[in-house]
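Each chain, letter by letter, is given below.
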Amino acid sequence: MTTLFTNATLADGRVRDVLVEGETIARVADAGTLDTADADADETVDCDGYHLLPGAIDAHVHFREPGFAHKEDWHTGSRSAAAGGVTTVVDQPNTDPPTVTGEAVDEKATLAGKSLVDFGINGGVTEEWAPDSLFERPIFALGEVFLADSTGDMGIEADLFADAVARAAAEDTVVTVHAEDAGLFDRAALEGAGDGTGRDADVDAWSAFRTAEAEAAAVDRALEVGADSEAAIHIAHTSTPEGIDAAGAAGATCEVTPHHLFLSRENLDDLGTFGRMNPPLRSEQRREAVFERVADGTVDIVATDHAPHTRAEKDATVRDAPSGVPGVETMLPLLLQEVRTGTLTLERVRDLVAATPAEIFDVAGKGRVDEGNDADLVLVDLDDAREIRGDDLHSKCGWTPFEGREAVFPELTLVRGHVAYDARGDGERFGDAVGENVRA
Ligand SMILES: NC(=O)N[C@@H](CC(=O)O)C(=O)O
Ligand SMILES: [Zn+2]
Ligand SMILES: [Zn+2]
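In this text, all values refer to a predicted model and were calculated from it rather than measured experimentally.

Participant: Lay out the overall build of the protein chain in plain terms, naming residues and giving numbers.
Facilitator: Secondary structure summary: the protein chain contains 15 helices and 19 strands in total. Here the protein chain has a C-alpha radius of gyration of 21 Å; the compact-globule value for 440 residues is 22 Å, and the two agree. Taking the principal axes of the C-alpha coordinates as reference, the protein chain spans close to 70 × 45 × 40 Å. Residues classed as buried in the protein chain amount to 62% of the 440 residues present. Counting only contacts in the protein chain whose residues sit at least 6 apart along the sequence, the fraction spanning at least 24 positions is 72%. Approximately 15,800 Å² of the protein chain is accessible, and the part contributed by carbon and sulfur atoms is 42%.

Participant: If you had to explain the UniProt feature "binding site: Zn(2+) 1" (unreviewed entry) in the protein chain to someone new, which residues and values would you point to?
Facilitator: As recorded in UniProt, the feature "binding site: Zn(2+) 1" (unreviewed entry) lies at His-60, His-62, Glu-144 and Asp-305. The greatest C-alpha distance among the annotated residues, which extend across 246 residues, is 10.4 Å, indicating that they converge on a single site. Among the structural elements, His-60 can be located in strand 6 (residues 56-61). For His-60, a relative accessible area of 0% puts it in the buried group.

Participant: Provide a residue-level description of the coordination of the zinc ion (ligand 3), including the pertinent values.
Facilitator: Protein ligation of the zinc ion (ligand 3) involves His-60 (NE2), His-62 (NE2), Glu-144 (OE) and Asp-305 (OD), the donor distances falling in the range 2.0 to 2.3 Å. The two metals, the zinc ion (ligand 3) and the zinc ion (ligand 2), are separated by 3.4 Å and share Glu-144 as a common coordinating residue. In this pair, His-60 sits in strand 6 while Asp-305 sits in the loop between strand 13 (301-302) and helix 13 (311-314), placing the two residues 245 residues apart along the sequence. Look at Asp-305 and you get buried, because its relative accessible area is 8%.

Participant: Could you give an account of the packing of helix 14 (residues 331-341) against helix 15 (residues 346-360), with specific residues and numbers?
Facilitator: For any two helices packed against each other, one specifies the inter-axial angle together with the distance between the axes. Packing of helix 14 against helix 15 brings their axes to within 9 Å, and their N-to-C directions diverge by 160°. Overall, the two elements helix 14 and helix 15 adopt an arrangement that is roughly antiparallel. Crossing of helix 14 over helix 15 shows right-handed handedness. The segment helix 14 lies against helix 15, with Met-331, Leu-332, Leu-335, Leu-336 and Val-339 engaging Leu-346, Val-349 and Val-353. Here the residues of the contact of helix 14 with helix 15 are counted per class, giving eight nonpolar, no polar and no charged.

Participant: Can you break down the environment of Ala-56 residue by residue, with the values?
Facilitator: Following the sequence through the fold, Ala-56 ends up in strand 6. Along the backbone, Ala-56 and Gly-427 are 371 residues apart, and their C-alpha atoms lie at a distance of 23 Å.

Participant: Please provide a residue-by-residue account of the site of ligand 1, values included.
Facilitator: Close contacts around ligand 1 come from 17 residues, with Arg-64, Asn-94, Ser-150, Thr-151 and Asp-305 the closest. One of the side-chain N or O atoms of Asn-94 is found 2.8 Å from an oxygen atom in ligand 1. Contacts to ligand 1 include Asn-278, whose backbone N or O atom sits 2.8 Å from an oxygen atom. Alone, ligand 1 offers 310 Å² of accessible surface; in the complex the protein occludes 100% of this.

Participant: Any details on the packing of aromatic side chains? Residues and values, ideally.
Facilitator: If you walk through the whole model with that rule in mind, you get eight aromatic pairs. Look at Phe-274 and Trp-399: their rings are 5.0 Å apart centre to centre, the planes differ by 90°, and that puts the pair in the edge-to-face class. Of this pair, Phe-274 sits in the loop between helix 11 (268-271) and helix 12 (284-295) while Trp-399 sits in the loop between strand 15 (386-387) and strand 16 (406-407), placing them 125 residues apart in sequence. The two residues Phe-274 and Trp-399 agree in class, both being buried. Here the aromatic cluster, defined as three or more aromatic residues joined through ring pairs, consists of Phe-63, Trp-74 and Phe-119. One residue, Arg-276, lies across the ring of Trp-206, its end atom 3.5 Å from the ring centre. Note that Arg-439 overlies the ring of Phe-140, its terminal NZ or CZ placed 4.3 Å from the centroid.

Participant: So, the sheet that holds strand 11 (residues 233-235): which residues are in play, and what are the values?
Facilitator: Overall, parallel pairing links the five strands, which are arranged 9-10-11-12-13 in an open sheet. A single partner strand is all that each edge strand has here, and the edge strands are strand 9 (142-146) and strand 13. By the bridge criterion, two bridges tie strand 11 to strand 12 (residues 253-256) in an arrangement that is parallel. The residue bridging His-234 from the neighbouring strand is Thr-253, located in strand 12.

Participant: How would you summarise a negative patch on the surface if you had to cite specific residues and measurements?
Facilitator: Residues Glu-127, Glu-128, Glu-157, Asp-159 and Asp-163 make up a contiguous surface patch of negative charge. With respect to the helices and strands, Asp-159 occurs in helix 5 (residues 158-170).

Participant: Could you give an account of the pairing of strand 2 (residues 15-21), with specific residues and numbers?
Facilitator: Counting buried positions along strand 2 yields five of seven residues, so the element is predominantly enclosed. The sheet contact formed by strand 1 (residues 2-9) and strand 2 spans six bridges and is antiparallel. Each residue of the ladder has a partner; that of Thr-9, found in strand 2, is Val-15. Taken together, the six bridges between strand 2 and strand 3 (residues 24-30) define a ladder with antiparallel strand orientation. Bridge pairing in strand 3 places Leu-19 opposite Arg-27. A loop of two residues connects strand 2 with strand 3, the two strands running antiparallel in sequence, and Gly-22 in this loop sits at a positive phi of about 60°.

Cut-off values and rules
- Residues numbered from 1 in each chain as written.
- Chains lettered and ligands numbered in written order.
- Predicted model: local features only at pLDDT ≥ 70, side-chain atom pairs only at ≥ 80, totals over all residues.
- Heavy atoms only, no water.
- Helix = DSSP H or I, 4+ residues; strand = E, 2+ residues; numbered from the N terminus.
- Rg over C-alpha atoms; globule rule 2.2 N^0.38 Å.
- Buried < 20%, exposed > 50% of the residue type's maximum accessible area, 1.4 Å probe, protein only.
- Contact = heavy atoms within 4.5 Å.
- Areas by Shrake-Rupley, 256 points an atom, 1.4 Å probe, with all protein chains shown as cover.
- UniProt positions renumbered as here; feature names shortened; annotations may be inferred.
- Donors = N, O, S within 2.8 Å, 3.2 Å for Na, K, Ca; no water.
- Axes fitted to C-alpha atoms, helices over the stretch in contact; angles between N-to-C directions.
- Parallel < 35°, antiparallel > 145°, perpendicular 65-115°, else oblique.
- Left-handed = near helix turned anticlockwise from the far one by under 90°.
- Nonpolar A, V, L, I, M, F, W, Y, C, P; charged D, E, K, R; others polar.
- Near = heavy atom within 4 Å.
- Polar contact = N/O pair within 3.5 Å; in protein donor to acceptor, adjacent residues only side chain to side chain.
- Phe/Tyr/Trp six-rings, centres within 6.5 Å; stacked < 30°, edge-to-face > 60°.
- Lys NZ or Arg CZ within 6 Å of the ring centre and 35° of its normal.
- Pairing = 2+ DSSP bridges.
- Patch = residues over 30% accessible without salt bridge, like charges linked within 9 Å, V, L, I, M, F, W, Y side chains within 5 Å.
- Salt bridge = Lys/Arg side-chain N within 4 Å of Asp/Glu carboxyl O.
- Lys, Arg positive; Asp, Glu negative; His and termini not counted.
- Charge placed at Lys NZ, Arg CZ, Asp CG, Glu CD.

Here you go:
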């Protein structure tokens, strides 16, 4: 199959004809220079007025299989990704069994055969981990390594963390770190928390409990351990300017989630326990400081930490509700809305969700609309924003913390030249399970 995209505006503003042959971007030529006959194209897509972007690489999702398929599975999670312009996802290890052995990686890779989008599988670290068998497999990165308990209770001690980082360095593998230090949590803050459930619960106590200091201290510790063994450290879901600045100063990379970028403690009255996650939402002042660092390039990437839980599970007290919010389908749409309002440039968005994750994690052939790269492409109309509705999204969980926000959703998503999602014309159409392991 050969498809010619004519007059497409790229992220940097150039208008180009883009020829896709099979799974690859075969040509990127000046607009008007490729025509259907010359290019021998089966189909031509007129992109006049539309932008053609590289598919997003979401370096941090929890697709919940094996073990928690009632929350999400590889089919529903990857449909949600495709509908949000995400063409590669990286799955985290807090599944059941946890992905800490070679066998567990194999089992997850088989389940990921249902994926519509390409994927990476991270190897995790617990007391039971089997590093020899893990590193025999094509794991994407080591992580997320939990320095404190989160969903799945995979928090580890300092000695094991140091061993794991040294091993990853020897294997030339990036270590993605969930950086919170439970020793600096403010337990008293939770004791007084209200007993309401769901959206009526007082979840601000969660933000008071898992302090900003706990993140900063854990980031510092991870960076020290990383420096000792010259490992590549990537700090996951950084929620504070302090954590971001520390990572940057030490030459480590970091990611920020859409929820820490667009939501703060001020939103918790509306969100209730649906707004409980780790690390928690911070003050509006800190959120603004995080946003500035995303806009100015201090923050390396945006990744979602897509962590779906059912409505029934979230509808509990602040102490009992599970931590985590979905986000894989709304990341690129929310960032594109910022392009509309002028707070982010389109090039910055491309770097945050595609080009830079490909560089940090060494994903060959992805992240840019360049000749020879995989045809992972997203067609968007920046003049066409609509409100996010949980009912319209495709995650199994059926809700979103971004309900009612304006966003720009893809018209078309291609994964290596295959149509993964098509919203042109009437209705929506999804493609087949063509997803491949990017490391295999
Ligand atoms: N972020 C969360 O609050 N939850 C994540 C785990 C994690 O990333 O810590 C989950 O898997 O539910
Ligand atoms: Zn985490
Ligand atoms: Zn996570």
